[in-house]
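Descriptive analysis of the structure
Given next are the chains, with one letter for each unit.
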Amino acid sequence: MKSDRITRLALRASSFLTISVFLGIATLLAFGYSVAREWQQGVAVRIAHQNEESAELIIKAITRDMRGAQARILANRDWDAPLPADFTRDMTEQVATTFARYPYPESFFIWRGGHQSVLFFSRTTRLPRWMPPPRSASTREAQARQGAASRTARSPKRSPVVNSPIALAVDPPVADEVRRRVLASVEAQRRYAVFNTELAGVPYQIIARITYADSLREHLESVSGFTVNLDWVRKWYFADILSEVWPSVSGGLTQDIVLLDENNRTVLGSNNEDQPVAQRAFPLLFMDSSDTASDVPPDLRHTQWRIRISASRDPILLSARRRVDTTLLATSFAVILCGVSLMVTHKAVLSRVKVSEMRSRFVSSVTHELKTPLANIHALAATLARQSQIPSERYRDYPNLLVRETNHLSRLVDNLLAYARITDVSETYAFEPMAAAEIAEEALRSFQPRLSESGITVQFEISPDLPFVCVDQRAMTLALTNLIENATRHVRDNGHIRVSTSCVDSVVSIEVQDDGCGISTAKLAALRESIASREFSPSDGGGLGLAIASKVVADHRGTFTVDSVPGTGTRCVIGLPAC
């Protein structure tokens, strides 16, 4: 009892330590995963912060450049001063300076109001579709005179050439459309006319400053402004400015910059939404509306474009991800290996505990089996020692009793030796062809005296022409002896035992059947387990003998079945393959 209690305590301690180690490993893995992911998240947060700063700086650079022509030229320059005699040369030089600084204005225009002509100054390298091509240089002076006369009357709509990269057009075909849209803002007494329109089928944005002759804004004095070709802006402007701005704001990161229009179509770059992503929106408006909000038409639709910056391909972020994944993979492998080792160790401990428990029960079972014949022999010997007091007729029965108990004890010793042999993998069987009937007869021979004294009827049936079976004679005889022993022990007085042999489909069967008390259902299930893991208890008819029989038959590649009904009897069948 003390040994069993120690075994149970050791098993509980092993289970507790196993669970504790597993929980420790799980906690360590969770902590390592959390730390690795936090480090990766920290790198991603720093890169995301840099993305946000880059996006903010790019938006500031773009919007500052988009507002420059209006804020520094229209708002500050005195476009309303009287024109000098040689105004063409003077204006073209000023416009050329503006064009050189800001790429997006396609042309500048000046209108003195009323019936005055609208003068358009455009780049000769990027003439608008609606502007007539410039004339030859020989007409320069004549065109200059015509330009001076246009201040008082409508002049022919021809484009003169001056000695500069600027082309001048007087009242080109789009002048009426520009005048009409500007006059709408004049009637509303605004300082700026801002509108989107189409000129010669091309989308434009027009920015114009309106100057009034009086403080009440009742008399128009002049209008000066510029045009922006939105198709050209989409194709060239943002690509150029981003190529100039991005190297100084990227912070050394590898970033993907995408420009999206109001319809979410990609204008520049390849659309990449992998994290971390920074996004900023800005209006496609080439003026500063913050200072002139009251002068901007309320119905002006601000088209919102977006800048999206992703650093998902940055080497620092990719390296952080790879390191985290590698660390987690190595940690997981180590944890799995540790867990497997722990499980193997725990299984080994359980096996040792189970073997120890099995040995304890085995010793208890064998002790119980050995005590009975030893007690009988001891009692008979004591009686023989007092033989002078015993009648001679009883004295003659004692030798037979001693022989029977000695045979019983001999079979128990044979079982112990067989158990040691069949559980030792270093031992092998000596197989040889034999007749099944011969094995059965040899097993029955040792029980003849006992069967005749007890009145048990034995029916031995042998089928003719049975094939031989390849068996170890000693082991198979011992198995059958154990089955017959169990039958004789549990059969009723004057009971019946049937031993028979047969062959079906090249399988030779040896059957032992009795009409005894039977074996419990729980014990029948235990018989199908390994001999090293069974509990041996002879009290219900399923002791060491049945375990040895089951193991011997299994080693012979045969089948062993036990059918039993408590109170009715037991039927044991050994099936062996024919040679």
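See the structure printed just above.
Quick notes on the rules
Residues numbered from 1 in each chain as written. Predicted model: local features only at pLDDT ≥ 70, side-chain atom pairs only at ≥ 80, totals over all residues. Heavy atoms only, no water. Helix = DSSP H or I, 4+ residues; strand = E, 2+ residues; numbered from the N terminus. Buried < 20%, exposed > 50% of the residue type's maximum accessible area, 1.4 Å probe, protein only. Contact = heavy atoms within 4.5 Å. Areas by Shrake-Rupley, 256 points an atom, 1.4 Å probe, with all protein chains shown as cover. Arc of directions from axis to C-beta. Pairing = 2+ DSSP bridges. Axes fitted to C-alpha atoms, helices over the stretch in contact; angles between N-to-C directions. Disulfide = S-S within 2.5 Å. 1 Å grid on protein atoms, 1.4 Å probe; cavity = no way out; pocket = protein on both sides within 12 Å on 5 of 7 lines; lining within 4 Å. Points joined across faces, edges and corners; volume = space filled by probe spheres on them. Nonpolar A, V, L, I, M, F, W, Y, C, P; charged D, E, K, R; others polar. Salt bridge = Lys/Arg side-chain N within 4 Å of Asp/Glu carboxyl O. Patch = residues over 30% accessible without salt bridge, like charges linked within 9 Å, V, L, I, M, F, W, Y side chains within 5 Å. Parallel < 35°, antiparallel > 145°, perpendicular 65-115°, else oblique. Left-handed = near helix turned anticlockwise from the far one by under 90°. Polar contact = N/O pair within 3.5 Å; in protein donor to acceptor, adjacent residues only side chain to side chain.

1. Topic: the overall build of the protein
Within the protein, the secondary structure is distributed over 13 helices and 17 strands. Taken over 579 residues, the protein has a buried fraction of 42%. Contacts in the protein between residues at least 24 apart in sequence constitute 70% of all its contacts with a sequence separation of at least 6. Element-wise, carbon and sulfur atoms account for 55% of the exposed surface of the protein, whose accessible area totals about 30600 Å².

2. Here we look at helix α9 (residues 436-445)
Those residues of α9 that sit buried are Ala-436, Ala-437, Ile-439, Ala-440, Ala-443 and Leu-444. For α9, the arc enclosing every buried residue in end-on projection is 160 degrees, short of the 170-degree limit, so these residues lie on one face.

3. Thoughts on the sheet that holds strand β1 (residues 105-111)
One open sheet accounts for six strands, arranged β3-β2-β1-β6-β5-β4; its pairing is antiparallel. Looking at which strands have only one partner, the edges of the open sheet turn out to be β3 (166-170) and β4 (192-199). With strand direction ignored, the average angle separating the axes of adjacent strands in the sheet is 20 degrees. Strand direction decides the pairing type here: β1 and strand β2 (residues 118-123), joined by five bridges, are antiparallel. Residue pairing in the sheet places Phe-108 in a bridge with Phe-121 of β2. Against the sheet, helix α4 (residues 175-187) makes contact with β1, β2, β4, β5 (202-212) and β6 (220-229), and its axis sits at roughly 150 degrees relative to β4, the strand it touches most. Its contacts with the sheet put helix α5 (residues 230-249) on β5 and β6, and the angle it makes with β6 is roughly 45 degrees.

4. With respect to the state of the cysteines
Going through the model one piece at a time under the given rule, you end up with zero disulfides. Cys-470 takes part in no disulfide bond, and the closest cysteine sulfur, belonging to Cys-579, lies 4.6 Å away. We classify Cys-470 as partly exposed; its relative accessible area is 37%. Accessibility expressed as a relative area gives 58% for Cys-579, which makes it exposed.

5. Thoughts on the environment of Leu-328
Of note, Leu-328 is situated in helix α6 (residues 315-385). Discounting chain neighbours no more than four positions away, the residues touching Leu-328 are Gly-32, Tyr-33, Ala-36 and Arg-37.

6. Some details on the sheet that holds strand β12 (residues 457-462)
Pairing between the strands of a sheet comes from backbone hydrogen bonds, and it takes one of two forms, parallel or antiparallel. Read across the open sheet, the five strands follow the order β12-β14-β15-β17-β16; overall the sheet is mixed. Every interior strand has two partners, whereas the edge strands, β12 and β16 (559-565), have only one. Across the sheet, the mean angle separating the axes of adjacent strands is 10 degrees when strand polarity is ignored. Both strand β14 (residues 496-504) and strand β15 (residues 507-514) contribute to a ladder of eight bridges, which runs antiparallel. Counterpart to Ile-497 in the pairing with β15 is Asp-514. Its contacts with the sheet put α9 on β12, β14 and β15, and the angle it makes with β12 is roughly 165 degrees. On top of the sheet, helix α11 (residues 473-490) reaches β14, β15, β16 and β17 (569-577); it is set at about 25 degrees to β15, its chief contact.

7. Observations concerning empty space enclosed by the protein
Applying the stated criterion across every chain, the model contains two cavities of 30 Å³ or more. Considered as a void within the structure, the second largest cavity measures approximately 110 Å³ in volume. In terms of lining, the second largest cavity is formed by 12 residues, of which the most central are Asn-486, Ala-487, Asp-514, Ile-519 and Thr-570. At the level of secondary structure, the elements contributing two or more residues to the lining of the second largest cavity comprise α11, β15 and β17. In terms of residues, the lining of the second largest cavity owes the most to one element, α11, which gives four residues. Split by residue class, the lining of the second largest cavity holds six nonpolar, five polar and one charged.

8. Some words on the pattern of salt bridges
Applying the stated criterion across every chain yields a total of 15 salt bridges. The residue Glu-56 makes a salt bridge to Arg-280 at a minimum N-O spacing of 2.9 Å. A residue pair is termed long-range when its members are at least 10 positions apart, and Glu-56 in helix α1 (residues 2-74) and Arg-280 in strand β9 (residues 277-283) qualify at 224 residues. The exposure class assigned to Arg-280 is partly exposed, which follows from its relative accessible area of 23%. Close ionic contact of Arg-181 with Glu-177 constitutes a salt bridge, the shortest N to O distance being 3.9 Å. Placement of the pair is Arg-181 and Glu-177 together in helix α4, with a separation of four residues, close to one helical turn. Among the ionic contacts, a cluster of salt bridges with common partners joins Glu-461, Arg-498, Glu-511, Asp-563 and Arg-571.

9. Considerations on a nonpolar patch on the surface
Where nonpolar side chains cluster on the molecular surface, the patch consists of Ile-336, Val-340 and Val-344 and spans about 270 Å² of accessible area. Tracing the chain through its elements places Val-340 in helix α6. Accessibility expressed as a relative area gives 43% for Val-340, which makes it partly exposed.

10. With respect to the environment of Ser-550
Relative to the helices and strands, Ser-550 is located in helix α13 (residues 544-555). For the pair Ser-550 and Val-562, spaced 12 residues apart in sequence, the C-alpha separation works out to 9.8 Å.

11. Some words on the packing of α9 against α11
Helix-helix packing is characterised by the crossing angle of the two axes and by the distance between the axes. Axis separation between α9 and α11 bottoms out at 9 Å; the angle between their running directions is 55 degrees. Classified by the angle their axes make, α9 and α11 are oblique. Both α9 and α11 take part in a crossing whose hand is right-handed. Residue-level inspection shows Ile-439, Ala-440, Glu-442, Ala-443 and Leu-444 of α9 in contact with α11, the latter providing Gln-473, Met-476, Thr-477, Leu-480, Thr-481 and Ile-484.

12. Some words on the side chain of Asp-261
Considering the arrangement of structural elements, one finds Asp-261 in the loop between β7 (256-260) and β8 (266-268). By relative accessible area, which is 1% here, Asp-261 ends up buried. Within the structure, Asp-261 has its side chain in polar contact with the backbone nitrogen of Asn-263 (distance 3.0 Å). Discounting chain neighbours no more than four positions away, the residues touching Asp-261 are Arg-234, Val-267, Gln-304 and Trp-305.

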